[in-house]
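Notes for the structure review
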Amino acid sequence: MAQDDLQKHLDNAMYGTPLLKPEEQRKYMGTFRERCYLTMTIEQMKDTANRTNFLKELTQHPDATVLLNGAMDITLQSAYIKLINERHLKFTVVNDFVENTPDALGLVLTAKEAVNVETIDIEQKFPKQSISPEQPDKPKKGFWHKLFH
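The shown structure was predicted, so the numbers you read here are calculated from the model rather than taken from an experiment. (Residues numbered from 1 in each chain as written. Predicted model: local features only at pLDDT ≥ 70, side-chain atom pairs only at ≥ 80, totals over all residues. Heavy atoms only, no water.)

**Section: helix 4 (residues 48–60)**
Selection criterion: To qualify as a helix, a DSSP run of H or I must reach at least 4 residues; to qualify as a strand, a run of E must reach at least 2; elements of each kind are numbered from the N terminus. A helix's residues, less one, multiplied by 1.5 Å, set its expected span. Residue burial is assigned from relative accessible area. The probe radius is 1.4 Å, only protein chains are included, and a residue is buried under 20% of its type maximum, exposed over 50%, and partly exposed in between. By the convention used here, residues are in contact when the closest approach between their heavy atoms is within 4.5 Å. For this analysis, a polar contact is any N or O atom pair within 3.5 Å, provided that within protein one partner can donate a hydrogen and the other can accept it, and provided that sequence-adjacent residues contribute only side-chain to side-chain pairs.
For helix 4, with 13 residues, the first-to-last C-alpha span of 19 Å sits near the 18 Å given by 1.5 Å per residue. Within helix 4, burial applies to Asn-50, Asn-53, Phe-54, Leu-55, Glu-57 and Leu-58. Looking at the buried residues of helix 4, the elements they touch are strand 1 (36–41), helix 3 (42–45), strand 2 (65–69), helix 5 (74–86), strand 4 (105–110) and helix 6 (122–125). Among the residues of helix 4, the N-terminal cap falls to Asp-47, whose side-chain oxygen and the backbone nitrogen of Ala-49 are separated by 2.9 Å.

**Thoughts on the nonpolar core**
This is how the line gets drawn: In this text, buried Ala, Val, Leu, Ile, Met, Phe, Trp, Tyr and Cys residues form a nonpolar core when linked through side-chain atoms within 4.5 Å.
In terms of nonpolar packing, the biggest core is built from 24 residues, with Met-45, Phe-54, Val-66, Leu-68, Tyr-80 and Leu-107 touching the most fellow members. Sort the elements by how many residues they give to this core and helix 5 lands first, with five residues. For Met-45, the contacting residues outside a window of four places in its chain are Met-40, Arg-51, Leu-68, Met-72, Leu-76, Tyr-80, Gly-106 and Leu-107. Residues Cys-36, Leu-67, Leu-105 and Ile-120 belong to the second largest nonpolar core, which totals nine residues.

**What about the confidence of the model for the protein chain?**
Formally: Scored from 0 to 100, pLDDT reflects the predictor's confidence in each residue.
Residues with a pLDDT of 70 or more make up 78% of the protein chain, whose mean pLDDT is 84. Segment residues 132–136 is flagged for pLDDT under 50; beyond a separation of four residues in sequence, or across chains, it makes one contact in the model.

**Comments concerning the environment of Arg-33**
When you line up the elements, Arg-33 lands in the loop between helix 2 (22–27) and strand 1. The partly exposed category is assigned to Arg-33, whose relative accessible area is 24%. Along the sequence, Arg-33 and Glu-118 sit 85 residues apart, while their C-alpha atoms lie 9.8 Å from each other. When residues no more than four places from it in sequence are discounted, the contact partners of Arg-33 are Glu-24, Tyr-28, Val-117, Glu-118, Thr-119 and Ile-120. A distance of 2.9 Å separates a polar side-chain atom of Arg-33 from the backbone oxygen of Val-117.

This is the structure:
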């Protein structure tokens, strides 16, 4: 049994400690899904409505940390770093297991412990309001119509 412990210790020293749920940690930039308040893809980060909703979420979680994808365009990354710094919040630029594709996660708002938020995708959490035009089949009733009918 001591041999197994020694081998485990040597393996950890050579290869690092094995990750718990490695695929989940890669997807969420080194954290677990259960710790996420909000996620945004790189494409979603370019939308100003999503940026506004991100700021709303930041105010609700002043103790959170923002993880930013280190592979994304530097101008987009800088814009978000500026927003985060203006609010004196913590952030980390993650360079491991990230890529610069439109559907890759660009930002993760995360807690230190499990928060188990059910909906974390920004566009599901803050659905876009569809502006429905007035129904054309109902004519507007004017003053005289209301008075005599």
